[in-house]
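Listed here are the chains, written in short residue letters.
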Amino acid sequence: MALLTDGQQAYATASNRDGKRGPVERHVLLHAVAPALGSEPVDRLLRATIDMSSAYEDLTGLLQQAFDAIRWTLVLMGGRATPQAVLGHPVTKAQLARTVVELRRVIPEFTAARKTLSQQPSIRPELLDALDRLQTDATGCGAPDTLAETVMSRHHRVQKAKRKADWVDRDSHWTLMPGFGISGEAPPSYQGSWMHPFRVMNAYSALSDLGKVSAFQEVSDGEA
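Scope of this entry: the structure provided in the associated data block. (Residues numbered from 1 in each chain as written. Predicted model: local features only at pLDDT ≥ 70, side-chain atom pairs only at ≥ 80, totals over all residues. Heavy atoms only, no water.)

As a further point, take the packing of helix α2 (residues 8–17) against helix α3 (residues 21–33). Look at α2 against α3: their axes get within 9 Å of each other, and the N-to-C directions meet at 150°. As far as their axial angle goes, α3 and α2 are roughly antiparallel. Note that α2 runs across α3; the crossing there is right-handed. Contact residues: A10, Y11, A14, S15 and R17 in α2; V24, H27, V28 and A32 in α3. Looking at side-chain class alone, the contact of α2 with α3 contains six nonpolar, two polar and one charged residues. (Axes fitted to C-alpha atoms, helices over the stretch in contact; angles between N-to-C directions. Helix = DSSP H or I, 4+ residues; strand = E, 2+ residues; numbered from the N terminus. Parallel < 35°, antiparallel > 145°, perpendicular 65-115°, else oblique. Left-handed = near helix turned anticlockwise from the far one by under 90°. Contact = heavy atoms within 4.5 Å. Nonpolar A, V, L, I, M, F, W, Y, C, P; charged D, E, K, R; others polar.)

In structure tokens form, the structure reads like this:
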């Protein structure tokens, strides 16, 4: 909380510029908190956690971007189409191809961050196992079609673990379930933002209530 108090100007700047939680929290942690960390054990743990969080958000954001491109295309095609038609749509094909290129860039960063995090004695093995599974999935996405298969399989695995139905029923045709479509002129892009909350905004709200920071500005809780 002391580091966030010292970094309140970064929060104010990002809030005025971006106005959404993801970019704001990313800016504060990477450009205000991380540079202020020292060499003490707690500081090293915080730095490793921030680096891993950044790499994780970059990687999962790209996988989500690919999955949402498929959902966007299915809406465009009336909610049901063959996999070949979905993946062959020019906009979707280009989006998936760009995502494959971006994955090649972020995977080495993810690998390095995971290695550093594993050296922290307080990190639980099951967390590292989950990160390893994510890295294995992402590394196999060498082409648009394998990327599509990966994100669809990951979604099925996650939904099964939650005992919930898939958002896209896969058979000879892919069928989008009601309520899970994405509209818009183009499929969404999540580069440069963090999709999961890191409670930076909540912390500044508490600090404002305590009179530790001034001019607190609440930002949108949107994902992008």
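Okay, the pattern of salt bridges next. When the charged atoms of two side chains lie near each other, side chains of opposite charge can form a pair. This structure, assessed with the given rule, holds eleven salt bridges. Linking D18 and R17 is a salt bridge whose minimum nitrogen-to-oxygen distance equals 3.2 Å. Across the salt bridge formed by E25 and R21, the nearest N and O atoms sit 4.0 Å from each other. Within this pair, E25 and its partner R21 are both found in helix α3, separated by four residues, close to a single helical turn. One exposure class covers both E25 and R21, and it is buried. Three or more residues are tied together by salt bridges with common partners; here these are R133, D137, R154 and R157. (Salt bridge = Lys/Arg side-chain N within 4 Å of Asp/Glu carboxyl O. Buried < 20%, exposed > 50% of the residue type's maximum accessible area, 1.4 Å probe, protein only.)

With that settled, the discussion passes to the nonpolar core. Among the nonpolar cores identified, the biggest contains 33 residues, and L59, I70, L74, L103, L147 and V151 are the most heavily contacted of them. Listing elements by their share of this core, those giving two or more residues are α4 (41–76), α6 (90–118), α7 (125–139), α8 (144–161) and β3 (174–176). The biggest single contributor to this core is α4, with ten residues. Once residues within four sequence positions are removed from consideration, L74 is found in contact with G79, R80, A81, V86, V168, W174 and L176. Core analysis: the second largest hydrophobic core is formed by 20 residues, A10, V28, L29 and M201 among them. (Core = buried A, V, L, I, M, F, W, Y, C linked by side-chain atoms within 4.5 Å.)

All right, on to the packing of aromatic side chains then. Counted by the stated rule, this structure contains four aromatic pairs. For the pair W167 and F180, a centre-to-centre distance of 4.6 Å together with 10° between the ring planes defines the contact as stacked. Of the two residues, W167 is situated in the loop between α8 and β2 (168–170) and F180 in the loop between β3 and α9 (200–209); the sequence distance between them amounts to 13 residues. Looking at W167, the relative accessible area reads 24%, which means it is partly exposed. Given a relative accessible area of 28%, F180 falls into the partly exposed group. Residues W194 and F198 carry aromatic rings whose centres are separated by 4.9 Å and whose planes lie at 55° to one another, so their mutual orientation is tilted. An aromatic cluster is present here, built from F67, W167 and F180 joined pairwise through their rings. (Phe/Tyr/Trp six-rings, centres within 6.5 Å; stacked < 30°, edge-to-face > 60°.)

This part is about the packing of α4 against α7. Between α4 and α7, the least distance of the axes is 11 Å, while the angle of their chain directions is 45°. Between α4 and α7, the angle falls in the class oblique. By crossing handedness, the relation of α4 to α7 is classed as left-handed. Between α4 and α7, the contacting residues are M52, Y56, L59, T60 and L63 on the first element and L131, L134 and A138 on the second. Here the residues of the contact of α4 with α7 are counted per class, giving seven nonpolar, one polar and no charged.

Here we come to the sheet that holds β2. Taken in spatial order, the three strands of this open sheet run β1-β3-β2, and their pairing is antiparallel. Taken across any chain shown, the strands that pair with only one partner, and hence form the sheet edges, are β1 (80–81) and β2. Taken together, the three bridges between β2 and β3 define a ladder with antiparallel strand orientation. Across the sheet, residue D169 finds its bridge partner in β3, namely T175. Where α4 meets the sheet, it contacts β1, β2 and β3, and its direction lies at approximately 85° from that of β3. (Pairing = 2+ DSSP bridges.)

Take the environment of I50 next. Take I50: it is sitting in helix α4. Taking the C-alpha atoms as reference, I50 lies 9.3 Å from R26; in sequence the two are 24 residues apart. I50 has contacts with L29, L30, V33, A34 and L37, leaving out every residue within four places of it along the chain.

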